[in-house]
Amino acid sequence: MVIFKLGNESYGVNIEIVQGIEKVLPIVRIPNSVPDIQGIINLRGNIIPVLSLRNRFGLPEVPDTDRTEFLITKVDETLLALKVDEVDSIYDLETAQIFETPAIVRTPETAYMDQVILLEDKRLTIELNTNELLSKQEKEAVQKMLEEQKK
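Within any chain, residue numbers begin from 1 and follow the written order of that chain's sequence. Thresholds applied to this predicted model are a pLDDT of at least 70 for local features of residues and 80 or more for the giving and counting of side-chain atom pairs; totals over whole chains, interfaces and linings are not thresholded and use all residues. To obtain the side-chain values, all non-hydrogen atoms of the structure were used and water was disregarded.

**Quick notes on the side chain of Glu69**
With respect to the helices, strands and loops of the structure, Glu69 is situated in strand S6 (residues 69–75). Burial classes follow relative accessibility: with a 1.4 Å probe on protein chains only, a residue under 20% of its type's maximum area counts as buried, one over 50% as exposed, and anything between as partly exposed. Given a relative accessible area of 13%, Glu69 falls into the buried group. Contacts described as polar in this section are N or O atom pairs within 3.5 Å, which, within protein, must combine one atom able to donate a hydrogen with one able to accept it, while residues neighboring in sequence count only if both atoms come from side chains. A polar side-chain atom of Glu69 sits 3.3 Å from the main-chain amide nitrogen of Val87. Here, residues are in contact when the closest pair of their heavy atoms is within 4.5 Å. Apart from the residues lying within four places of it in its own chain, the contact partners of Glu69 are Ile21, Glu22, Lys23, Val24, Leu82, Lys83, Val84, Asp85, Glu86 and Val87. The secondary structure listing takes helices from DSSP runs of H or I that are at least 4 residues long and strands from runs of E that are at least 2 residues long, numbered from the N terminus.

**Quick word on the packing of aromatic side chains**
Note on aromatic pairs: the rings of Phe, Tyr and Trp (six-membered ring only in Trp) are paired at centre separations within 6.5 Å, and the planes decide the class, stacked below 30 degrees, edge-to-face beyond 60, tilted for the rest. This model, assessed by the stated rule, comprises 3 aromatic pairs. On the numbers, 5.1 Å between centres and 40° between planes, the contact of Tyr11 with Phe57 is tilted. Note that Tyr11 is positioned in strand S2 (residues 9–13) and Phe57 in the loop between helix H1 (53–56) and S6, a separation of 46 residues in sequence. Of the two residues, Tyr11 and Phe57, both sit in the buried class. Among the aromatic side chains, those forming a connected cluster through ring pairs are Phe4, Tyr11, Phe57 and Tyr112.

**Considering the sheet that holds S2**
Where strands meet in a sheet, backbone hydrogen bonds hold them as pairs that are either parallel or antiparallel. If you trace the 6 strands from one edge of the open sheet to the other, you get S8-S1-S2-S11-S10-S9, paired in mixed fashion. The two strands at the open ends of the sheet, each matched to only one other strand, are strand S8 (86–90) and strand S9 (98–100). The sheet shows a mean angle of 35° between the axes of neighbouring strands, direction not considered. We call two strands paired when DSSP finds no fewer than two bridges between them. Here strand S1 (residues 2–6) pairs with S8 via 4 bridges, running antiparallel. By the bridge assignment for S8, Lys5 is matched with Glu86. Lines fitted to C-alpha atoms define the axes, with helix axes restricted to the stretch in contact, and inter-axis angles between N-to-C directions lie between 0 and 180 degrees.

**Points about the nonpolar core**
Residues Phe4, Leu53 and Leu71 are the most contacted members of the largest nonpolar core, which totals 27 residues. At the level of elements, S1, S2, strand S4 (37–43), S6, strand S7 (78–84) and helix H2 (136–150) are the ones that each hand at least two residues to this core. Contact partners of Leu71, with chain neighbours within four places excluded, come to Val2, Phe4, Val13, Val18, Gly20, Ile21, Leu80, Ala81, Leu82, Val84 and Val87. Judged by nonpolar contacts, the second largest core, of 8 residues, contains Ile41, Phe70, Ile72 and Ala81. Grouping buried Ala, Val, Leu, Ile, Met, Phe, Trp, Tyr and Cys residues that are joined through side-chain atoms within 4.5 Å yields what is termed a nonpolar core.

**Remarks on a nonpolar patch on the surface**
Surface patches are drawn from residues lacking salt bridges whose relative accessible area is over 30%; two like charges belong together within 9 Å, two nonpolar side chains (Val, Leu, Ile, Met, Phe, Trp, Tyr) within 5 Å. Only the protein chains shown count as cover for residues, and the accessible areas themselves come from Shrake-Rupley with a 1.4 Å probe. For this analysis, a salt bridge means a side-chain nitrogen from Lys or Arg found within 4 Å of a carboxyl oxygen belonging to Asp or Glu. The grouping of Ile15, Ile21 and Ile90 at the surface amounts to a nonpolar patch, some 250 Å² of accessible area in total. We classify Ile90 as exposed; its relative accessible area is 52%.

**With respect to the sheet that holds S7**
Sheet architecture is open: 5 strands sit in the order S3-S6-S7-S5-S4, paired in mixed fashion. Two strands in the sheet have a free side with no partner beyond their single neighbour: strand S3 (18–23) and S4. Direction aside, neighbouring strands of the sheet carry axes that sit 30° apart on average. Alignment of S3 against S6, held across 5 bridges, turns out to be antiparallel. When the bridges of S6 are listed, Val18 appears paired with Thr73.

Now the structure itself:
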């Protein structure tokens, strides 16, 4: 599990979907794009959309720091850069540390919440299902945007 921070909160993603952890690169803004997509980056010849998790989770944007990073992940078959405040660490989890998301917080708007993780330091964190971060319409819009950029 790759644990990262947004403000004072910790979140995680399964390391199997993480293609890399990169320092912030210049973002090319795409007008009229999906609201939480900040733009695209060129990472070693790959054009990758950047999703601001701060925007997605309703947090105020903050200036980038030397700790701001991109988690390069796969959403279905598309590479997506998740912009995070900082990568905390990589954890090897035991089954006893993994809990189902409580039913009371499961809604269509929180479909991205995969599981709840209890870290060694007793912090609770949410494992994100990156395939659920974007709606079907948003995924289609991102695909169209990427196709337009290739032309």
